[in-house]
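Single-letter residue listing:
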Amino acid sequence: MKAESEVLGCIATCVDYVSKNHCRVTCRDWFQLSLKEGLTVFRDQNLDGEETQEVGWKPKAYAPFLGSVSASCLLEFSSDMGSRTVKRIADVSRLRNYQFPQDAGPMAHPVRPHSYIKMDNFYTGKFVFSGAEVVRMYKTLLGSQGFRKGMDLYFKRHDGQAVTCEDFFAAMRDANDADFANFLLWYSQAGTPLVKVTSSYNAEAHTYSLKFSQEVPPTPGQPVKEPMFIPVAVGFLDSTGKEMPLSSVYHDGTLQSVVSNDQPTYTTVLRVTKKEEEFLFSDISEKPIASLLRGYSAPIRLDTDLTDSDLFFLLAHDSDEFNRWEAGQVLARKLMLGLVADFQQNRPLVLNPKFVHGLKSILLDSSLDKEFIAKAITLPGEGEIMDIMEVADPDAVHAVRSFIRKQLASELRAELLSTVEKNRSSEDYVFNHPNMARRALKNVALGYLALLDDPELTELALHEYRTAANMTEQFAALAAIAQIPGKTRDDVLADFYSKWQQDFLVVNKWFALQAMADIPQNVENVRNLLNHPAFDLRNPNKVYSLIGGFCGSPVNFHAKDGSGYKFLGEMVVQLDKINPQVASRMVSAFSRWKRYDDTRKSLAKAQLEMIVACNGLSENVYEIASKSLAA
């Protein structure tokens, strides 16, 4: 209730301010939408109270720029209420799971699209989250004070005007006398840049070289791409895990000092702007372990020459918590891809004990934020793994991820049980970071344990469900139980609905939980839920929860018999007559059908052809379905 009252207070303040002062700056046209949406989301992602003080950011002064009371009210709420690192991890995961696949598909478009048939089809995460990443890169390049100077000049120049992305760019550049070279390509060039990094150490000269190469894959309408302006934050660790001070870097014929105000510098931002280039660091006393793209300083795919030993070292020691998490994710992706190959060749699956030990060390590290630990011991999703395969194999990826999770649950059973027990609380619900973090860690541990389908552990999950004093913990216990088909699952799902049926938002979560389940032949359960009294095909959020949720289960949506494709095809045709915008979102699940094996490709293509051939099809659905077929 306290958090709710704070949000309501924020809304009241913003409504009062906007009504008195009106909007000072607006977008010239829809193509500039990423400017408004990007800055809105960036503020929500990043500016906690301390940073607000540091850069002099005044919420009331800048709220009118956003042109939306509800957007303005985001303020710094998310970072203020939780962990900055965990928020960054969540934002990057969203990019990887939703934006990067779109960037590699037939609907790929720049942050600022050149044209469209239906604007609704482009009001996507590319505007919102990629727009926020562009704003973040300005701040990464210029620093807090430089970013503030750019904002001040922007408002001074454009108060009362309708503006473009170029106007914002010019203000940032001119206020700081900065050379941003090809930075505007982030607005006009589609696709996700792939950056490869190789390193070498010269022990005699005490120099360390980082060589970068970049490419942006072809996308519809843009077969040839130019090199992007990519800020890469880097730091080095010595053999004991301590940060190494940086003094200078030689690049493009110039030796540049990276020391600031005579203080040791441990992280510097490299400006990668060419297809290939090298940065040579001086005064490096021993061969370092490079911590690259700290804080995820640019929205790219990164391929490095770091060994598994290097990654385990970063997982244990990196002071940049995002990169500590990232090291674990890279190790997990490599492990999962290797096991997928074993599964496809009918070889036995064996889990690397070093990986288990690495996650165990994280789990038992009391110095770490508990919400960070919860993220660090969570494996990459199935969609993320399929996205980096040449030919996506949903069955193999699902089998491997399930194997690893069960094996981790078995080998870390005692530690996970202890985690659940130590993070219980009988106190009244409090919405603050320590309690949020405690609940997050307990819930992840419980989810692992429930996978073992052990009567003792099932009873533990039931106990957590029955004794939960808040929605977060009760729903997490329900989700843990719902992983295993059977009477217990059915009974608890029915009980939960009977308790919460009057709360439509909770019912939507209940629908989504069942729709996303990986239980065999789940499409029939989802079809049955279409007839549930609480479901309404005319309600977009219910559609996103049930039908959209089903598309989020790769093993069932991409079932080899085509049952998942057939279900979605039927739903898209029905929805198009009710709400074309919602239907177009649903049909986009077919957009990357060519990434699968021949059997699946044939079945998905048949559904797209059926949809396109329908009489009276909306422009919204036609645009996405026809572009998907033509890709």
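Shown above is the structure to which this text applies.
Residues numbered from 1 in each chain as written. Predicted model: local features only at pLDDT ≥ 70, side-chain atom pairs only at ≥ 80, totals over all residues. Heavy atoms only, no water.

**Here's the deal with the sheet that holds strand E11 (residues 301-304)**
Backbone-to-backbone hydrogen bonds pair the strands of a sheet. The strands run either parallel or antiparallel. Convention followed: Pairing between strands requires that DSSP locate at least two bridges from one strand to the other. Put simply, DSSP H or I for four residues or longer makes a helix, DSSP E for two residues or longer makes a strand, and each gets a number counted from the N terminus. Axes, fitted as lines to C-alpha atoms, cover a helix only where it is in contact. Angles between the N-to-C directions of the axes lie from 0 to 180 degrees.
Spatial strand order, E7-E6-E9-E4-E3-E11: 6 strands in an open sheet with mixed pairing. Edge positions in the sheet fall to strand E7 (254-257) and E11, since each has one partner strand and no second. Going across the sheet, the axis of each strand differs from the next one's by a mean of 25°, ignoring polarity.

**Observations concerning helix H13 (residues 353-363)**
Definition in use: For every residue, the accessible area obtained with a 1.4 Å probe (protein chains only) is divided by the maximum for its type, and the residue is called buried under 20%, exposed over 50%, and partly exposed between those limits. Note that the arc is defined by the directions from the helix axis to the C-beta atoms. Any pair of nitrogen or oxygen atoms within 3.5 Å is treated as a polar contact; in protein, a donor-acceptor pairing is required on top of that, and neighbouring residues in sequence qualify only through side-chain atoms on both sides.
Within the sequence span of H13, burial applies to Phe355, Val356, Gly358, Leu359, Ile362 and Leu363. Projected onto a plane normal to the axis of H13, the buried residues spread over an arc of 160° and lie on a single side. Structural note: H13 exposes Pro353 and His357 on the side pointing more than 90 degrees away from its buried face. The residue sitting at the N-terminus of H13 and contributing the capping side-chain oxygen is Asn352; that oxygen lies 2.9 Å from the backbone nitrogen of Lys354.

**Some words on the layout of surface pockets**
Let me state the cut-off plainly: Here a cavity is any set of points on a 1 Å grid over the protein atoms alone where a 1.4 Å probe fits but cannot get out, and a pocket is any open set with protein on both sides within 12 Å along at least 5 of 7 lines; a residue lines the site when it has an atom within 4 Å of a point. Grid points are joined across faces, edges and corners, and a volume is the space filled by probe spheres set on the points. Three classes are used: nonpolar for Ala, Val, Leu, Ile, Met, Phe, Trp, Tyr, Cys and Pro, charged for Asp, Glu, Lys and Arg, and polar for all others, with Gly counted as polar.
If you add up the space inside the second largest pocket, you get close to 1200 Å³. Lining the second largest pocket are 47 residues, and of these Leu194, Arg301, Leu302, Arg333 and Ile388 sit closest to its centre. Looking at the lining of the second largest pocket, the elements that each hand over two or more residues are helix H7 (84-103), strand E10 (289-292), E11, helix H11 (308-317), helix H12 (321-344) and helix H15 (382-387). With 8 residues, H12 is the largest single contributor of residues to the lining of the second largest pocket. Tallied by class, the residues present in the lining of the second largest pocket amount to 24 nonpolar, 9 polar and 14 charged.

**Here we look at the packing of helix H16 (residues 394-411) against helix H17 (residues 413-422)**
How we decide: In what follows, roughly perpendicular refers to angles from 65 to 115 degrees, roughly parallel to angles under 35, roughly antiparallel to angles over 145, and oblique to any angle outside these ranges. Throughout, a residue-residue contact means that at least one pair of heavy atoms, one from each residue, lies within 4.5 Å.
As a packed pair, H16 and H17 sit with axes 4 Å apart at the nearest point and diverge in direction by 80°. When the axes of H16 and H17 are compared, the pair comes out roughly perpendicular. Judged by residue contacts, Leu408, Ala409, Ser410 and Glu411 of H16 engage Arg413, Glu415 and Leu416 from H17. Taken together, the residues of the contact of H16 with H17 sort by class into 3 nonpolar, 1 polar and 3 charged.

**Let's talk about the pattern of salt bridges**
So the rule is basically this: Any carboxyl oxygen of Asp or Glu within 4 Å of a side-chain nitrogen of Lys or Arg constitutes a salt bridge here.
As enumerated under the stated definition, the model contains 35 salt bridges in all. Between Arg294 and Asp318 there is a salt bridge, and its shortest N-O distance comes to 3.0 Å. Here Asp318 lies in the loop between H11 and H12 and Arg294 lies in the loop between E10 and E11, a separation of 24 residues in the sequence. Just as Arg294 is buried, Asp318 falls in that class too. Close ionic contact of Lys601 with Asp598 constitutes a salt bridge, the shortest N to O distance being 3.4 Å.

**Quick word on the packing of helix H27 (residues 580-587) against helix H29 (residues 619-630)**
The following threshold applies: Crossing handedness follows the turn of the near helix against the far one: under a right angle anticlockwise gives a left-handed crossing, and clockwise gives a right-handed one.
Contact pair H27 / H29: the axes reach a minimum separation of 8 Å and the direction vectors enclose 15°. Here H27 is positioned roughly parallel relative to H29, judged by the angle of their axes. With respect to the hand of their crossing, H27 and H29 are arranged in right-handed fashion. Where H27 abuts H29, its residues Pro580, Gln581, Ala583, Ser584 and Val587 lie against Asn620, Val621, Ile624 and Ala625. Residues belonging to the contact of H27 with H29 are distributed by class as follows: 6 nonpolar, 3 polar and no charged.

**A closer look at the packing of aromatic side chains**
Applicable threshold: Stacked, tilted and edge-to-face are the three classes assigned to paired rings of Phe, Tyr and Trp, where Trp is represented by its six-membered ring and a pair needs centres within 6.5 Å; plane angles under 30 degrees give stacked, over 60 edge-to-face, the rest tilted.
Following the criterion strictly, the structure yields 24 aromatic pairs and no others. Aromatic pair Phe180 and Phe183: ring centres 5.6 Å apart, planes at 35°, arrangement tilted. For the residue pair Phe180 and Phe183, the accessibility class agrees, reading buried in each case. Relative to Phe535, the ring of Phe511 lies with its centre 5.8 Å away and its plane at 80°, an arrangement referred to as edge-to-face. On the criterion of sequence distance, the pair formed by Phe511 in helix H22 (residues 504-515) and Phe535 in the loop between helix H23 (522-529) and helix H24 (540-551) is long-range, its members being 24 residues apart.

**As for helix H21 (residues 487-500)**
The cut-off we apply is this: Expected helix span is taken as 1.5 Å per residue step, with the number of steps being one fewer than the number of residues.
Between the first and last C-alpha of H21 there are 20 Å, a value that for 14 residues agrees with the 20 Å anticipated at 1.5 Å per step. Buried within H21 are the following residues: Arg489, Val492, Leu493, Phe496 and Tyr497. Projection of H21 onto a plane perpendicular to its axis shows the buried side chains occupying an angular sector of 135°, all on one side. Structurally, H21 contributes buried residues whose contacts are with helix H19 (455-467), helix H20 (471-481) and H22.

**Let's talk about the sheet that holds strand E5 (residues 230-237)**
Taking strand neighbours across the sheet as the criterion, the 3 strands line up as E8-E5-E10 in an open arrangement whose pairing is antiparallel. Each having just a single partner strand, strand E8 (268-272) and E10 make up the two edges of the open sheet. Neighbouring strand axes in the sheet, compared pairwise and without regard to direction, differ in orientation by 35° on average. Relative to E8, E5 runs antiparallel, the two sharing 5 bridges. Following the sheet pairing, Val234 is matched in E8 by Thr268. Contacting E5 and E10, H11 crosses the sheet at an angle of about 70° to E10.

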